[in-house]
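Coordinates in review
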Amino acid sequence: MLIVTSEQMRRIDRCTIDELGIPASALMESAGRAVAEEVLDFCRGRLHSAGGAAGAGTRPDGSPKRGVTSDSPVLEDKLIAPFDGAEREHWLILAGKGNNGGDGLAAARYLQDAGIKVSILCAESPDSFSKEASVQFAAARRSGIPVLETPGLPSDADFGPYTGLVDALLGVGASGEPREPYGGLIRAANGSGLPIVAADIPSGLNADTGQTAQACIRAERTVCIAFLKAGLVQYPGAKAAGEVRVRAVGIPRLAASRIDEGPNAHLITEHSLRETLEIDTSRKRAEDSHKGTYGHVLVVGGSRLMSGAGFMASRAALRIGSGLVTWALPSALLPDIVGHVPELMVAEGAQGDGWNRDSAETILKLAEKMDVLAVGPGLGRFEDDTEWLKELWTGSDVPLVIDADGLNILADAGESLKDWGRRENVVLTPHPGEMGRLLGVPTAELQKDRLGAAKAYAAEHGVTLVLKGARTVVASPEGALFVNTTGHPGMSTGGTGDVLTGVVSGLLAQGLSPLQAAAFGVYLHGRAGERAAELREHPASLLASDVIEAL
Ligand SMILES: NC(=O)C1=CN([C@@H]2O[C@H](COP(=O)(O)OP(=O)(O)OC[C@H]3O[C@@H](n4cnc5c(N)ncnc54)[C@H](OP(=O)(O)O)[C@@H]3O)[C@@H](O)[C@H]2O)[C@@H](O)CC1
Ligand SMILES: Nc1ncnc2c1ncn2[C@@H]1O[C@H](COP(=O)(O)OP(=O)(O)O)[C@@H](O)[C@H]1O
Ligand SMILES: [K+]
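Residues numbered from 1 in each chain as written. Chains lettered and ligands numbered in written order. Predicted model: local features only at pLDDT ≥ 70, side-chain atom pairs only at ≥ 80, totals over all residues. Heavy atoms only, no water.

An unreviewed UniProt entry lists the chain under the name Bifunctional NAD(P)H-hydrate repair enzyme, from Saccharibacillus alkalitolerans.

Observations concerning the pattern of salt bridges
Applying the stated rule across the entire model yields 33 salt bridges. The closest approach of N and O atoms between Arg247 and Glu38, which form a salt bridge, is 2.9 Å. Placement of the pair is Arg247 in strand 8 (residues 243–247) and Glu38 in helix 2 (residues 24–49), with a sequence separation of 209 residues. Of the residues examined, Glu38 reaches a relative accessible area of 5% and is grouped as buried. Linking Arg381 and Asp412 is a salt bridge whose minimum nitrogen-to-oxygen distance equals 2.6 Å. Of this pair, Arg381 sits in the loop between strand 13 (372–375) and helix 12 (385–395) while Asp412 sits in helix 13 (residues 405–413); the two residues are 31 residues apart in sequence, bridging distant segments of the chain. (Salt bridge = Lys/Arg side-chain N within 4 Å of Asp/Glu carboxyl O. Helix = DSSP H or I, 4+ residues; strand = E, 2+ residues; numbered from the N terminus. Buried < 20%, exposed > 50% of the residue type's maximum accessible area, 1.4 Å probe, protein only.)

A closer look at helix 5 (residues 182–191)
Within helix 5, seven of the ten residues are buried, which leaves it mostly tucked inside the rest of the structure. The complete set of buried residues in helix 5 reads Tyr182, Gly183, Gly184, Leu185, Ile186, Ala189 and Asn190. Considering only its buried residues, helix 5 is in contact with strand 2 (90–95), strand 3 (117–122), strand 4 (164–168) and strand 5 (196–199). At the exit of helix 5 stands Gly193, carrying a positive phi of roughly 75°. (Contact = heavy atoms within 4.5 Å.)

Comments concerning the site of ligand 1
Taken together, 23 residues lie around ligand 1, and Asn100, Asp103, Gly171, Ser175 and Asp200 are the ones closest in. Separating an oxygen atom of ligand 1 from a backbone N or O atom of Gly171 is a distance of 2.6 Å. Interatomic distance of 3.0 Å between a backbone N/O atom of Val172 and an oxygen atom of ligand 1. Burial of ligand 1 by the protein amounts to 81% of the accessible area it has alone, namely 920 Å². Placement of ligand 1 is best described as lying within the largest pocket. Within the residue set of the shell around ligand 1, elements represented by two or more residues are helix 1 (6–19), helix 2 and helix 3 (99–113). (Near = heavy atom within 4 Å. Polar contact = N/O pair within 3.5 Å; in protein donor to acceptor, adjacent residues only side chain to side chain. Areas by Shrake-Rupley, 256 points an atom, 1.4 Å probe, with all protein chains shown as cover. 1 Å grid on protein atoms, 1.4 Å probe; cavity = no way out; pocket = protein on both sides within 12 Å on 5 of 7 lines; lining within 4 Å. Sits in = over half its atoms within 2 Å of the grid points.)

A short note on the sheet that holds strand 2
Reading across from one edge, 3-2-4-5-6-8 is the order of the six strands in this open sheet, with parallel pairing throughout. Taken across any chain shown, the strands that pair with only one partner, and hence form the sheet edges, are strand 3 and strand 8. Averaged over neighbouring strand pairs, the angle between their axes works out to 20° when direction is ignored. (Pairing = 2+ DSSP bridges. Axes fitted to C-alpha atoms, helices over the stretch in contact; angles between N-to-C directions.)

Below, the structure is given as structure tokens:
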């Protein structure tokens, strides 16, 4: 599924209207209908779960059976049809002066037509409405929909009579902190305790970064118009939006491919993995395959105080299907490790009980027979480690996955990293703390625009970047972005990142490109986390090892 910025959406709108000749009013009419359908669906679901409307005269979705009996094979438009219990609903449309307001005003008519009581509260005087919104306002009035007299936030704002709110205050045309009366309306709406369905984006959300203004609608559901907005797929925006439903309104996908600097960001789904990234997601093993078919991963990591990380990365690389996995670690640790994972091979990565600069030569020698080097899990820091990593980076062409202290070493390399030379087969997997160190900015600063930061870093350094955390972002050197939605908060536990390193490395070993391995890897890792969490009495008890076993 394509993800767009607000600027791209504006240009796609313009292309649709100006170049394809589809009238703006038609698009708004469709958008209004989509919003209304989602409100009705929400109402039916609510009645159904309360046991109210389901039963005689209704279908399972709560819509009436009228018109679908066998003796009368006439189908009513079920999405927008009246339903039992509709008369108990009274929705207030909060309408801004722009086209987002117009969507809400168009929705009002459809809701009224479906038997729901609707009222309209305008944020500003209707005289100031955009051209399309004015048309919708006039139509709503002529349809007899009541408009609360005072534009803005009435001092006696009382949401008592209503059963839900449509947030059509601000859409992708807005920027910055909502001005008054918008800010006050947003706060009052949130404080009402009523369910809110947002048109396009929750008002107060930055549609590009997912940052929320101080006043930002907290929606139960967001009806995103035409294309998924980037701000809806990153936290805290993803939370403010509630359930996101992307609805087609007559803006063709073709228009997205017509604009300059068009969207190159996707949600990671089975479909985008198969169609956009051309991955065989079935991961079928060839009948005549052998272990050599599926590559050999060398994990470089582990230290006296952090041996578990190397274990988990190695075991995950095995579980994801690598033909062979070898774990290179300091020689003094070998006796403690040997035999713990019977399928795993081990190698002396460094002499003694820790890593040292000289071990680069040993690793490069081992690398000659490897398909991937996974550097970092449990590595620790040591003298001249920057020179050490530079040797691995420049001394071999074998794809590299760098995580944990491997990333901290890179961060210390700073600007000199540019002199190491571009290697397009490097995958970096930082969590936000490590990403902040790579960029030299506080974590909180970086989190304000995760997509932007990941994209910029990947392009600047020519690497594939996996910025982890809920809604992990994958960025390619060419500027493509992929956002993952699989995963579970139970995965917020030590070691799950090491598991991801093993997963991505294992997929690379099996012949996937860095971008394919990163995107498919975060998807599978998240799914395994979901499955593992499901099996626990409580997700808080989830361990990283459980994720490996669920792969
Ligand atoms: N044909 C189309 O294009 C289609 C568009 N569609 C819909 O239109 C939406 C985009 O509409 P839009 O571009 O009119 O902008 P919109 O989001 O309503 O807000 C702009 C208004 O807000 C104001 N404003 C700005 N910042 C503000 C602030 N901080 N605090 C307060 N106010 C602020 C700004 O006022 P100004 O600052 O200019 O005085 C301006 O009046 C889009 O999200 C989708 O829902 C669909 O119907 C499909 C077809
Ligand atoms: N709330 C969450 N939702 C989805 N995935 C999560 C969540 N919390 C953590 N994860 C995933 O778990 C992994 C944690 O990695 P990381 O922070 O590097 O852990 P560690 O360093 O302990 O191995 C990442 O892949 C991250 O995306
Ligand atoms: K809105």
